[in-house]
Each structure stands twice: as structure tokens, then as C-alpha cells.
Amino acid sequence: MRRAVPYRRVILGLVAGLMAAFLLGVAVGAVWIPPIETIRLIAWKLGLTARPEDVSRATEVIVFQLRLPRVLLAAIVGGALAASGAVFQGLFRNPLADPAIIGVSSGAALGAVLVIVTVGAGSLGAFAVPLAAFVGAIATAFVVYRLARIGPAVQVATLLLAGIAIAAVISSFMSLVMSFSGEEIRDIYAWLLGGLVAQGWRSVEIVSPVVILGVAGAWLVAHELNLISLGEERAAQLGVELDRLKRTSIAVGALLAAAAVSVAGVIGFVGLMTPHLLRLVIGSDHRRLVPASVLGGAILLILADLIARTVVAPSELPVGVVTALIGGPFFIYLLRREGRKAGARV
Amino acid sequence: MRPIRSTLVLSLLALSLIVAACGDDPTVTPTVSGPTATTGPSTSFPVTITDDDGESVTIDAPPQRIVTFAPSMTEIVFALGLGDKLVGVSGAFDDYPPEAADIEQVGGAGDFGVDPNIEQVVGLEPDLFLTIKGGDQWKRRLRDLDVPVVTLDATNLDDLMDDIEVAGQITGAEDAATATVDHLQAQADQVESAIAGTPRVSCFYETFYPPLYTVGPDTFIYDLLERAGCDPVTSSAGQQYPQWSVEDLVDQSPDVYLVSSESDAGPKAVAKRPGFEAISAVAAGRVVAIDSSLAERPGPRIVEGLQLIAEALHPEAFD
């Protein structure tokens, strides 16, 4: 194994990177706002100065109601997806695991689609679809978990297969629903493609407590996830209550993914790529990997969203398209590079 | 999970196909050739035309069994007085005139439920299949099965009038076509003279939210907006139906905010969205819902859509 870069340095780097990404995200957008105006507006909001009179109301709205909540939401959603990925990759001892693995994404999509086709996207208030997505995600995770539980024991391989099977069933069912739907199809596509636009600060307010709870949970199971990486038998000998750990980890991972998916739709690759990427740098100690993933996921999604909203400005791209288009090839490159190194070492 | 992602990829693919299909050169207009084009009011068949897909199509005799695959085409056929010759329409969106609802629907096939059912179409034995752009694959299959597919795709009002004339020529209903076009022209002129004295305003036309989608130049609706006396703030759009930055919208702050009924959002809902209060139109209460079946369906009722938009933009001119 390659010697890991010192953890402290990585975390410091990630924190600095997150701050830089955050500032960049707030400073840059479809409309050019001189950084000095943004700084003066922020100084005013922090109570440091009086309202800068020469800055227009439109600029203020753009910075505080459009960009700031969007960048924050990107950070929260990215962090949640990455933390969820780290937990699932640890639990399944498989770097291919991601938040979708136990059907969370498909469950969320099913919840959202059912609400969209039955009552309409906006008719029950702006949060009907996110709520349905959240419920769908958690319910699916629970069903998958129950399917994999035989007696008191939960087989990880069964869990994986059950997740894949359920996701396939849901996916086909959704295709069925969609092929019979009329104009709702656009709402469905818009939701499936993922986006951070809709509800501004309210999305941030609603989703952040859930994500904080989830990240705390992920941190709590991190140590035991390290032990399980030695193998289930060995972990049990070291005093890990396997069934409880699996239950908790799944609950935590599902909660994080559900929170993210419910407000931002299906955003691929962040949950898969971030922990994988960071494991290459800091090794696989989950007590390090979880915090690093939260920071890394936040950075990634802020930057992906920045690309989504500026590259064809004033038009925009769906953020899920950006994460997959850029994340996919980058991930493949990493895999190849690591593969070559491993090959050379043998 | 993977199945979801593949669905996603498929849908992206479909979207890109639709976009590609919509992105065709909008300046192509159908041309009529042969002895028929110039010989007086009643056409002598066969008629050969080059349609908006660039296909050369020959219609041997006045069509007796017409299938339309677009609500606008259905409306045009009825306007030409050929409703009784219509044996198939696309689907539930073919809702005008009301009689259209009783005609067999051939849409709903294909991976996304937006293609015509080929078997059903062939079973109807149409001697004319009228449609708009897109769906190159199923069009090819229909042509291979000797269904005379004619694509007419108007991107502005003048273009539509030409298309109605062409529809008249290939159906032997030239007189009705000319009357329809004259009526359209008269109504358009009327709107134009009504707003002649009023200053132009800036506007935005929403087709979907969230995320925010709008219309760019080279779309029919954009042409109507300009005719109705406004300058859309989306003039820089490179696509026909781009996703649009709310930041840019707030920055441009249009005078009037039009919401397509497709978007399903009332003026109140629009005002409540984050950031929207800084838009002049929202602050001034000038958010107006527009019936998309009138304003976005390039058929004979499009001038009613034009009237609606003009009234929304310049209420003072229509008191």
C-alpha cells in the first residue's frame, strides 16, 4: 500500500478547498457581479457595515437569495452523498457501493414520480415531492433490508442483490408509469436529472438538520466500519455487534442519501467517486474517510454546479449531467492509473 | 442504481434527439413544384412537394383518408374543411375542434410513448400523413411502408401561412387555405395596429419551473412575442428551449412575465419563488398566464394566442 498523505494536511487542504469553492461559487454566476460588491454585501449582512447604497437590489437578491442558498445546498447535498457513499462502501467492503446501492435513489425517484403523476408537481405545495422522495427512499431501504434479513442475520451479499433487484423492479415500474404519463413527463425528467434551483433557503433549512444528524451517525459507526473491513468474523471477535452495526449503517447511509436525493434529485457519481478518491489519498480509516468525504463531496458538487450554471450561461445545464459527464471519465482515469500502479508493483 | 442510471441515460439521449430534431434549419420552407403550383384555385393532381424534412412527396389524388400527428395539423385540416376526411389523430392533445376527440388516436408507441403506432397507422390506410418535425426513425419506417408522410414545421407566423397554403395544395383545398390565411393575416394586422402606438416592453416567457425553462429565438412563440410588441430577454439563447438562469432573469428584470399554461404555475406561485420578487414584472404584478394551446400550437388559432399575448403586454391598447 502506498504511504498515505498525513491526515491533518489532507483535512486542512480540504477545508481550504471548500472555502475556495464556496467563495468561487458565490462570486461567479451567470451574471457578473464584481467581487468587491459581493464582499461589501456580505460585510453588510454580517452587521459590519451599513448597506452599500450603490449596490442594486437585484444584485443583493442574486447573491443572497439565489447564489448563496444554492451553493450551500450543493455543499450539503454533496457532503451527504459522499458520506453516504463512504458508509456503504465500508459496510459492503466494496468500492463500487454508492448511495443507490440499496435502492435509495430508485425509491426516492419512485416516491417523487408517484406524487408527480397522481397529484401534480406543485399542487400540494413545494415540498410534497421532496417529502415523497424521502419517504420512498427510506421505505425502499427498509424493504431491501428486510428482504436480506434471514432470521437475525443480514447477509451483505443478499443485501446487495436485493438492492439491485428492487431497484430494477422500481425502475421498470417507473418506465411503465412514465410511458402512460402525459405532460407530467417533463416534471419527472427535471426531477430525475437533478437540480439545486427550486426552493432556495427553505431547502437548506429543511435538509441541513437531517444531514447533520446523518453525518454524526456516520462518524459514530466509522470505527466499527474499520473493524468490519477485517472481515465479519474478525469484527465479531473484536466485539462488534454485526447486526446492530448493519442496521445502523444502513439507516445512516439511507438517511443521508434520502435527504440529498429528496431536495436535489438523482445526482450520480458524487457518492461513488468521492470516498474512493479520498481513500487513495488518506487510506481507508473511516474515522478519517467520513469527514474527508463530507468536505470532498461538498467541494465536488459546488464545482459541478458552478459549471452547470455558468458554462452555457445564461442557459443552464442539469447538475446531474455535469457530475456524470465529468465524474465518469475522471473516475475511469483514476481506476486505470491505480490499476497500472498495482500492476507495476506485482 | 444502475437501472435508474440507464433510464437516465436513455432519457438524456431522447432529449438530445428531440433537441437535435428541433435544431434543424428553420428557414427551409416547403416548395411546390410541377404544373400544379400555378394552375388556378383548384389543384390538379398529382402534386409533388418538398416538405420541411427535405423529402419529396407526391400525392396522386385528393386525400380521402388523412392522419394527423400533431394537434396543430389536426386544427389545420379542420380549418380546411376536411375534418370528415380525418381518420386518425395523435392523441389526447388533439382537443380542438371538439370533434377531434372522437377520431382514432394513433400516438403513444415507442420507448417514450411519443411515437405513432406503425401497425395502427398502416391499418388506417392513410393517403396522407401530416406531421411536424422530429421522429425521423418512425417516419422512415412509414415511408418504407408507402405511407405518404408530409412534414410541415412552421417557426413563425409567415411560415405558418405558407404551410397552410401547402396543406391546401396537397389536399385540393386551396380556396379554404387561402381564406384561412387571409383571416390569419387580417387578425394579425389588427393586433399590430392596436399596439402600434404603444412602446415596446421587455418580457420573459416561462415554459417550465423548476428548473426554469424558456424559449429562444427561432421558435414560433418567440416570433409571436416580438409581433405582440415585446423584446424577450432571452434573445441571446443558443437553443430553442433553453434552461435559463434565474440570476440572469433577475438581472434583466423584464417588464412583463408570461407563464405558459404548460408550466402550471399561477402568478401567486411565481411571486413566491426565491429571488423572483426582484423582477420588475413580479413587483408590478405583471405576471400573466398564457393558454399554451393557443399560443404554442402553430395552427389556425395562433392569432388568438397572439391577441392574448398582446393584451398581456399592452393592456392599455385593448381597453
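The rules behind the values
Residues numbered from 1 in each chain as written. Chains lettered and ligands numbered in written order. Predicted model: local features only at pLDDT ≥ 70, side-chain atom pairs only at ≥ 80, totals over all residues. Heavy atoms only, no water. Disulfide = S-S within 2.5 Å. Helix = DSSP H or I, 4+ residues; strand = E, 2+ residues; numbered from the N terminus. Buried < 20%, exposed > 50% of the residue type's maximum accessible area, 1.4 Å probe, protein only. Expected span 1.5 Å × (residues − 1). Phe/Tyr/Trp six-rings, centres within 6.5 Å; stacked < 30°, edge-to-face > 60°. Salt bridge = Lys/Arg side-chain N within 4 Å of Asp/Glu carboxyl O. Contact = heavy atoms within 4.5 Å. Patch = residues over 30% accessible without salt bridge, like charges linked within 9 Å, V, L, I, M, F, W, Y side chains within 5 Å. Areas by Shrake-Rupley, 256 points an atom, 1.4 Å probe, with all protein chains shown as cover.

A.B. asks: I keep staring at the state of the cysteines and nothing clicks. Help me out?
C.D. replies: Chemically, a disulfide is nothing more than a covalent bond linking the sulfur atoms of two cysteines. Residue and element names in this part refer to chain B. Tallied over the entire structure, the rule returns one disulfide over all chains. Each sulfur in the disulfide pair Cys-203 and Cys-230 lies 2.0 Å from the other. Placement of the pair is Cys-203 in strand β10 (residues 201–208) and Cys-230 in strand β12 (residues 230–232), with a sequence separation of 27 residues. Take Cys-203 and Cys-230: they sit in the same class, and that class is buried.

A.B. asks: Please explain helix α6 (residues 156–180) of chain A as it appears in this structure.
C.D. replies: An α-helical turn contains 3.6 residues, so any two residues separated by three or four positions project in the same direction. The end-to-end C-alpha distance of α6(A) is 36 Å, a good match for the 36 Å that 25 residues give at a rise of 1.5 Å each. When we look at burial in α6(A), the residues that qualify are Val156(A), Leu159(A), Ala162(A), Gly163(A), Ile166(A), Ala167(A), Ile170(A), Ser171(A), Met174(A), Val177(A) and Met178(A).

A.B. asks: Where do I start with helix α12 (residues 302–313) of chain B in this structure?
C.D. replies: When the terminal C-alpha atoms of α12(B) are compared, their 16 Å separation across 12 residues agrees well with the 16 Å that a helix rising 1.5 Å per residue should span. Among the residues of α12(B), those classed as buried are Ile302(B), Val303(B), Gly305(B), Leu306(B), Ile309(B), Ala310(B), Ala312(B) and Leu313(B).

A.B. asks: Would you explain the packing of aromatic side chains in this entry?
C.D. replies: Where two aromatic rings form a pair, the distance of their centres and the angle of their planes describe that pair. Tallied over the full model, the rule gives nine aromatic pairs over all chains. Between the aromatic rings of Phe88(A) and Phe92(A), the centroid separation amounts to 6.1 Å while the plane-to-plane angle is 35°, which identifies the pairing as tilted. Within this pair, Phe88(A) and its partner Phe92(A) are both found in helix α3 (residues 57–92), separated by four residues, close to a single helical turn. Judged by relative accessible area, which is 0%, Phe88(A) ranks as buried. Given a relative accessible area of 6%, Phe92(A) falls into the buried group. Relative to Trp138(B), the ring of Phe129(B) has its centre 5.9 Å away and its plane inclined at 70°; by these criteria the two rings are edge-to-face. Trp138(B) shares its class with Phe129(B); the two are buried.

A.B. asks: Hey, could you run me through the pattern of salt bridges in this one?
C.D. replies: Where charged atoms from two side chains of opposite charge come close, those side chains can pair. Counted by the stated rule, this structure contains 24 salt bridges over all chains. Two residues, Arg40(A) and Asp54(A), come together in a salt bridge whose shortest N-O distance is 2.7 Å. A residue pair is termed long-range when its members are at least 10 positions apart, and Arg40(A) in helix α2 (residues 35–45) and Asp54(A) in the loop between α2 and α3 qualify at 14 residues. For the salt bridge of Arg309(A) with Glu247(B), the shortest nitrogen-to-oxygen distance reads 3.7 Å. Placement of the pair is Arg309(A) in helix α12 (residues 286–310) and Glu247(B) in helix α8 (residues 246–252), with the two residues belonging to separate chains. For the residue pair Arg309(A) and Glu247(B), the accessibility class agrees, reading buried in each case. When salt bridges with common partners are traced through the structure, they connect Arg67(A), Arg70(A), Asp305(A), Arg309(A), Glu316(A) and Glu247(B) into a single cluster.

A.B. asks: Would you mind going over the environment of Gly297(A) with me for this structure?
C.D. replies: Residue and element names in this part refer to chain A. Residue position: Gly-297 is located in helix α12. Taking the relative accessible area as the measure of exposure, Gly-297 reaches 0% and is therefore buried. The spacing of Gly-297 and Ala-308 is 11 residues in sequence and 16 Å in space, taken between C-alpha atoms. Non-local contacts of Gly-297, meaning those with residues more than four positions away in its chain, are made with Gly-78, Gly-79, Ala-82, Val-270 and Thr-274.

A.B. asks: Any chance you could explain a nonpolar patch on the surface here in plain terms?
C.D. replies: Together, Ile307(A), Val311(A), Val312(A), Leu325(A) and Ile326(A) give the surface a local cluster of nonpolar side chains, amounting to about 430 Å² of exposed area. Inspection of the secondary structure puts Val311(A) in the loop between α12 and α13 (319–345).

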